[in-house]
Amino acid sequence: MTLSPSVLSVPMAPGVLPRCAEARCVVRSNLPVNGEYRLLTLDAPPEVLDCQPGQFFQLLCPEPEGEHPFLRRPMSIYGYDAEAGQLQFLYKVAGAGTRGLATLRPGGMLNVLGPLGQGFSMPQHWQDLLLVARGVGLATLAPLARAAQRSGRRLTAICSARRPELAMSVDLFRGYGAEVIVVHDEDGSSTPEALRGLIEARIAAGRVDAFYTCGSSRLLRLLQDLGQRHGIPGEIAMEQQMACGLGMCQACVRPFREEGGIVQRRVCREGPVFPLSEAIA
């Protein structure tokens, strides 16, 4: 029996965000990619595939045995392909929700809501892009790398991990034409001090127009300092616990810098992508 995705449109506030949709998607595969992470691939309808890099979905996770996840789980988009009708998420099994996701088998169904939030921008004068992230934060940057390749940008991806074999998306970034640099904790190459020298060498060579990162507070502070010193802009996808993902519950509010003082913004609605200079670690 073939299961077809069903979709229910959910209008967003006029003039703020495009429409999102709730859809029941068919599981194509749900495979481990290393000792910590799994890749979930869904067959999805067109209504949920009008995505931007940096956006996310709210997933209605299955209930693993003896556990009952109450809220949807926010998850950044790892890949989307409207022509192939596919949507991908990279996740680490860490709690009841992701344990539920790990039980999904090909042919099963998953209810998703999205795409949600504000994605990355890529101004025309940003031609040399430097992506820096750690662990699953690299998943959020994968669609950005694809968009950069399609628009003819030059790309460097610094992939940080605890151990070399846990570095995420290395082959994917190389496939998008990026120069990939793997740094890790075991040899000390992932420390902020080591990364500073690595990045400043590229700045000195005129190879960085903009920074992109996700999640890590120490990477945020490092890139903010380098950006201020060298006049380099950038963007960050913030990670935050969420409830509704639509901006109504206010659960994901956090402070940001703005001219004149500190303001409070919802990560799910005004973000999750923000100017690097405005984020507070």
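Residues numbered from 1 in each chain as written. Predicted model: local features only at pLDDT ≥ 70, side-chain atom pairs only at ≥ 80, totals over all residues. Heavy atoms only, no water.

**Points about the environment of L226**
- Looking at the secondary structure, you find L226 in helix α5 (residues 217-230).
- Classification of L226 by relative accessible area gives buried; the value is 0%.
- Spatially, the C-alpha atom of L226 lies 9.6 Å from that of F211, the residues being 15 residues apart in sequence.
- Every residue in contact with L226, bar those within four places of it in the chain, is listed here: R196, I199, E200, F211 and G231. (Helix = DSSP H or I, 4+ residues; strand = E, 2+ residues; numbered from the N terminus. Buried < 20%, exposed > 50% of the residue type's maximum accessible area, 1.4 Å probe, protein only. Contact = heavy atoms within 4.5 Å.)

**Quick word on the nonpolar core**
- Formed by 33 residues in total, the largest nonpolar core has its most connected members in L129, L131, L141, F173 and Y212.
- Among the elements of the structure, β3 (37-43), β9 (128-134), α2 (137-150), β10 (154-161), α3 (170-175) and β12 (210-214) are those that each provide at least two residues to this core.
- When residues of this core are assigned to their parent elements, the largest contribution, seven residues, is made by α2.
- Not counting chain neighbours up to four residues away, the residues in contact with Y212 comprise F120, S121, M122, W126, L129, L130, L131, V132, L141, L144 and E235.
- Ranked by size, the runner-up nonpolar core spans 32 residues in total, among them V132, I181, V267 and F274. (Core = buried A, V, L, I, M, F, W, Y, C linked by side-chain atoms within 4.5 Å.)

**Digging into the sheet that holds β9**
- Reading across the sheet, the six strands line up as β11-β10-β9-β12-β13-β16 and stay open at both edges, with mixed pairing between neighbours. Of all the strands in the sheet, just β11 (179-184) and β16 (273-275) have a single pairing partner and so form its edges. Each strand of the sheet is rotated relative to its neighbour by a mean of 20°, with strand direction disregarded.
- Examined bridge by bridge, β12 and strand β13 (residues 234-237) share four bridges and lie parallel to one another. Of the residues in β13, the one forming a bridge with T213 is I236.
- Each of β9, β10, β12 and β13 touches α2; the most contacted strand, β9, lies at about 160° to it. (Pairing = 2+ DSSP bridges. Axes fitted to C-alpha atoms, helices over the stretch in contact; angles between N-to-C directions.)

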